[in-house]
Amino acid sequence: MAKNESLRIVLGIGTAAAVGIIGFGYFFHYRNGRKRILTVFDMIPELNNPTVRIKDRESVERKIRQIIAGGAEKLQVISDFDHTISKHTHNGKIVPTCYGILESYPLLPQFYREKALQLKETYYPIEFCHEMTNEEKYPYMVEWWTKAQNVLIQCNLNRGMIQDMVEKSEVIVRDGSDKLLLNLYKHDVPLLVFSAGVGDVLEEVIRQNLKMYDNVRVVSNYLEYNGNVCLKNLNRHNYVTSLYCKWFTIIT
């Protein structure tokens, strides 16, 4: 991978990740036989874009330099999935989330989309209510997830449909994310993906658009299958992962 190319894949997934792998070799630049010390903002020109807001540039530079100094062996990358590894918009259209992929799948019955919309109209305002604490919101998020999964179970969803709905969806991963995942894998850097979406759909998006490397671990909400048919609304770790509950303690 070209040096400047590896630097340009960072924003949107984790600025320090690629830089931490690169190492100290980028701190110096030779021009006309003279050595000049580069700043982090020289190395990652995207940080100077007007759309990037940084309150304390010195603090950011210090932290990124500390990550670089630690090297790949001390690096761990934690990322969200929806609108992080996947794009937020593409050609002016909002890219679907994991739940959006489910809700737009034409082979699921109409009653599922109608009920999913009703639940969203009920619980979405709670999720982003500024007058409630995260602790107060969490039971409602569990309630939302449980009801949504109960409706989904009535659709006789199976594993094959997950693969098909992702193939038919308009989900798009961010440019350069394939190179970042490969770079992390080559340097044995763990990538933990925490998502409040549906893990089954999330993993299928990665398989179809990227690659599920051995260093990637996903913590999300999973469907429990009996053979090929979805029966229960339990997830793999017996926790519900929501926006306010991305449990580190369930990683084993």
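The rules behind these values
Residues numbered from 1 in each chain as written. Predicted model: local features only at pLDDT ≥ 70, side-chain atom pairs only at ≥ 80, totals over all residues. Heavy atoms only, no water. Pairing = 2+ DSSP bridges. Helix = DSSP H or I, 4+ residues; strand = E, 2+ residues; numbered from the N terminus. Axes fitted to C-alpha atoms, helices over the stretch in contact; angles between N-to-C directions. Polar contact = N/O pair within 3.5 Å; in protein donor to acceptor, adjacent residues only side chain to side chain. Parallel < 35°, antiparallel > 145°, perpendicular 65-115°, else oblique. Left-handed = near helix turned anticlockwise from the far one by under 90°. Contact = heavy atoms within 4.5 Å. Nonpolar A, V, L, I, M, F, W, Y, C, P; charged D, E, K, R; others polar. Phe/Tyr/Trp six-rings, centres within 6.5 Å; stacked < 30°, edge-to-face > 60°. Lys NZ or Arg CZ within 6 Å of the ring centre and 35° of its normal.

1. Quick look at the sheet that holds strand S6 (residues 191–198)
In spatial order, the strands read S3-S6-S7; together these 3 strands make up an open sheet with parallel pairing. Two strands bound the open sheet, and with one partner strand each, they are strand S3 (77–79) and strand S7 (216–221). Each adjacent strand pair in this sheet contributes to an overall mean axis angle of 15 degrees, direction not counted. The pairing of S3 with S6 spans 3 bridges and is classified as parallel. Residue pairing across strands places Val-77 opposite Leu-191, the latter belonging to S6.

2. Details of the side chain of Asn-221
With respect to the helices and strands, the residue Asn-221 is situated in strand S7. One polar contact links the side chain of Asn-221 to the main-chain carbonyl oxygen of Gly-197, over a distance of 3.0 Å.

3. Examining the packing of helix H8 (residues 159–168) against helix H10 (residues 199–209)
Where H8 meets H10, the closest approach of the two axes is 9 Å, and the angle between their N-to-C directions is 60 degrees. When the interaxial angle is binned, H8 and H10 end up oblique. With respect to the hand of their crossing, H8 and H10 are arranged in right-handed fashion. In this structure, H8 contributes Ile-162, Gln-163, Met-165, Val-166 and Glu-167 to the contact, and H10 contributes Asp-200, Val-201, Glu-204, Val-205 and Gln-208. A class-by-class count of the residues in the contact of H8 with H10 yields 5 nonpolar, 2 polar and 3 charged.

4. Focus: the packing of aromatic side chains
Here the structure, examined in full by the defined rule, presents 4 aromatic pairs. Ring plane angle 50 degrees and centroid distance 5.0 Å describe the contact between Tyr-124 and Phe-128, whose orientation is recorded as tilted. The ring of Phe-41 carries the charged tip of Arg-57 above its face, separated from the ring centre by 3.8 Å. Here Lys-120 stacks its cationic end above the ring of Tyr-124, 5.5 Å away from the centre of that ring.

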